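Descriptive structure summary
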Amino acid sequence: MITTTPTTTLASEIARRRTFAIISHPDAGKTTLTEKLLLYSGAIRSAGIVGGKAGTRGARSDFMAMEQERGISISSASLQIEYGGHVLNLLDTPGHQDFSEDTYRTLTAVDSAVMLLDAARGVQAQTLKLFEVCRRRGLPVFTFINKLDRPSRDPFDLMDEVEQVMSLQVTPITWPIGNGPDFRGIYERPTKRVHLYGRGAREARADVLATGGVDDPVLQGVLGAEALAALRDEIETVDALLPSVDPQRVDRAELSPVFFGSVLTNFGVEPFLDHFLQLAPAPADLVTEDGDRIDVAGETFTARVFKLQANLDKRHRDRTAYARIATGTFERGMNAVHVRTGRTMRLSRAHTLFADERETVEHAVAGDVIGLVNPGLLRVGDVVSTRRDVALPPLPRFSPEVFATVRPRHVDRDKAFRKGLEQLGEEGVVQRFHPAQGARDSVLGAVGTLQFDVFVRRMQDEYDVEVEITSEPYTVIRRLDRTPRASGRFGRLVVDADGEPAVLLRHAREIEYFLEEHPGIELHAIDEG
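Presented here is a report on the structure given in the accompanying data block. These numbers come from a predicted model, not from an experiment. (Residues numbered from 1 in each chain as written. Predicted model: local features only at pLDDT ≥ 70, side-chain atom pairs only at ≥ 80, totals over all residues. Heavy atoms only, no water.)

Buried residues dominate strand 1 (residues 17–24), accounting for eight of its eight residues. With burial as the criterion, each face of strand 1 is covered, one bearing R17, T19, A21 and I23 and the other bearing R18, F20, I22 and S24. Bridge analysis of strand 1 against strand 3 (residues 86–92) gives five bridges, and the strand direction is parallel. Counted as the bridge partner of R17 is V87 from strand 3. (Buried < 20%, exposed > 50% of the residue type's maximum accessible area, 1.4 Å probe, protein only. Helix = DSSP H or I, 4+ residues; strand = E, 2+ residues; numbered from the N terminus. Pairing = 2+ DSSP bridges.)

Ranked by size, the top nonpolar core spans 49 residues in total, and within it L107, M115, I145, V194 and L231 carry the most contacts. Apart from the residues within four sequence positions on either side, L231 is in contact with W175, I177, Y187, V194 and L223. Grouped together as the second largest cluster of nonpolar side chains are 27 residues, I81, F144, L255 and L279 included. (Core = buried A, V, L, I, M, F, W, Y, C linked by side-chain atoms within 4.5 Å. Contact = heavy atoms within 4.5 Å.)

This next bit is on the side chain of S112. Take S112: it is sitting in strand 4 (residues 112–118). Sequence-distant contacts of S112, that is, excluding residues within four places in its chain, are made with T19, F20, A21, L139, P140, F142, F276, A280 and P281.

Two pairing modes exist for strands in a sheet, parallel and antiparallel, and in both the strands are linked by backbone hydrogen bonds. The antiparallel open sheet is built from eight strands, whose spatial order is 27-24-26-25-29-30-28-31. The open sheet has two edge strands with one neighbour each: strand 27 (467–472) and strand 31 (523–524). Bridge count between strand 28 (residues 476–480) and strand 31: two bridges; the pairing is antiparallel. Note on strand 31: the bridge partner recorded for R479 is H524. Lying on the sheet, helix 11 (residues 414–427) is in contact with strand 24 (402–408), strand 25 (431–435), strand 26 (442–446) and strand 27; it crosses strand 25 at an angle near 130°. (Axes fitted to C-alpha atoms, helices over the stretch in contact; angles between N-to-C directions.)

Here we come to a negative patch on the surface. A contiguous patch of negative charge, built from D154, D157, D160, D233, E234 and E236, is present on the exposed surface. Where the negative patch is concerned, the elements lending two or more residues are helix 6 (155–166) and helix 8 (225–241). Looking at the negative patch, the element that brings in the most residues is helix 8, giving three residues. With respect to the helices, strands and loops of the structure, D157 is situated in helix 6. Accessibility expressed as a relative area gives 46% for D157, which makes it partly exposed. (Patch = residues over 30% accessible without salt bridge, like charges linked within 9 Å, V, L, I, M, F, W, Y side chains within 5 Å. Areas by Shrake-Rupley, 256 points an atom, 1.4 Å probe, with all protein chains shown as cover. Salt bridge = Lys/Arg side-chain N within 4 Å of Asp/Glu carboxyl O. Lys, Arg positive; Asp, Glu negative; His and termini not counted. Charge placed at Lys NZ, Arg CZ, Asp CG, Glu CD.)

On to the side chain of R17, then. With respect to the helices and strands, the residue R17 is situated in strand 1. Using a relative accessible area of 1% as the deciding quantity, one classes R17 as buried. Within the local environment of R17, its side chain forms a polar contact with the side chain of E13, the two groups lying 2.4 Å apart. Here the side chain of R17 touches D368 through a polar contact of 2.9 Å, side chain to side chain. (Polar contact = N/O pair within 3.5 Å; in protein donor to acceptor, adjacent residues only side chain to side chain.)

Looking now at the pattern of salt bridges. Across all of its chains, the model carries 28 salt bridges by this definition. Between E13 and R16 there is a salt bridge whose closest N-O contact spans 3.2 Å. Each member of the pair, E13 together with R16, is buried. Of the charged contacts, one joins R492 and E472 as a salt bridge, the two residues approaching to 3.8 Å between their closest N and O atoms. Highlighted residues: R492 in strand 29 (residues 492–496) and E472 in strand 27, separated in sequence by 20 residues. Exposure remark for E472: the relative accessible area of 22% places this residue in the partly exposed category. What emerges from the salt-bridge pattern is a single network uniting E13, R16, R17, E82 and D368.

Peptide bonds are mostly trans, and most non-glycine residues show a negative phi. The backbone of S167 sits at a positive phi, close to 50°, despite the residue not being glycine. With respect to the helices, strands and loops of the structure, S167 is situated in the loop between helix 6 and strand 6 (169–172). In this structure, D464 is a non-glycine residue whose phi angle is positive, near 55°. With respect to the element layout, D464 can be found in the loop between helix 12 (450–463) and strand 27.

So, in structure tokens, the structure goes:
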């Protein structure tokens, strides 16, 4: 954890923070970009590649067994690195679409987002869903078009697709020189410099061959007269048609700066980092649900839990509550109010996490993310503060789309099964329900079926419980304003983890039939934030 020095003020320390997330469709290169940010910051000496071949190292930020086996990101982690005089807090998010609920909640804890696109595929479904969350939150979005080292679409077409599909104006800060095997580097518009790269080791910083302007005689020798003339024509077209970057419009989420490059070969990563640091917003004042404004650099400490994670330390089987500091300063051992219950908490155990390595946090400021050791009190959305009256808008909740019944394979493991079910449910691996009457088996809800696979694996690995899962035919859930006096032919009545009644339905048409059977009952969809 980066700490302040005696001569720095709280306001200047907070101004150095850039808290962001990377959003992308699976396989666009998100975890690889995370690794390269660590590489360029000096946090690691060499970068691993997710899904590498046998004998190669997996990405360092993915540590769960299933992540290493499948080459995907499942758990969310917070990484803090220092680069260029700034402190970057990167909230790493699940890359698989089945984990969108966890990803969406993570996006409530950041100040900006980097949208990573595949240069051959452009805008894909999962990226669009995540972008819509950013739009609703008013987050500035920075676009990085990746994989230029492979055959790619025309850069003008890619930018036009972003504008048409996302209704987001874009303008390039860097421009690609070639693509596929002919990709040689990028042109940086603000400085009018060309960065040509050599194809060195993928685990090291890019080898910069030349950084002159378009009139640098070295370029013709490296690129050839025809390629250099094409580059000059493209730059002239870009400058004539597309505006320069307006920082105020970026901050208002009206304009997305675009960068081109190859994360795998490190082409264009460093210029992207440099401009991102200058344009991305620092943490701002906190606005409460009542419209009150709390000074981000004031005396009030406020933090909000956006994620729970169980069993990060298998030796102690503890639970961690990830909290984004919204205002003020955290000091280890300080007292704060758990706003939901009004109880005073001593924040004596906090840490930061990189992969499966943790480090104790003594001091942190607004924009930082800390992991609070959680004995079971903290829930997702909870606020801890030195003020008792801090009310924040609720975090979004998401509707499960697949359901299953779960039970322990061996009856003598029932106690461990119940513990694992409760803790993984609190963490958000799955949503848990109980039948309102009759059967004792628990019902799981998830956004996608891979969440069930993770639940089964973690129950086995972390709680030593084998479970049996049986798919259920339901695809729709609705909250009830009260429990019906008797069940009917349509729907299965359940109770959620908070004791609230709900009904599971096979399809949307059954909503009408259920209401006919239970006149006076009101149904409510889960708010998707």
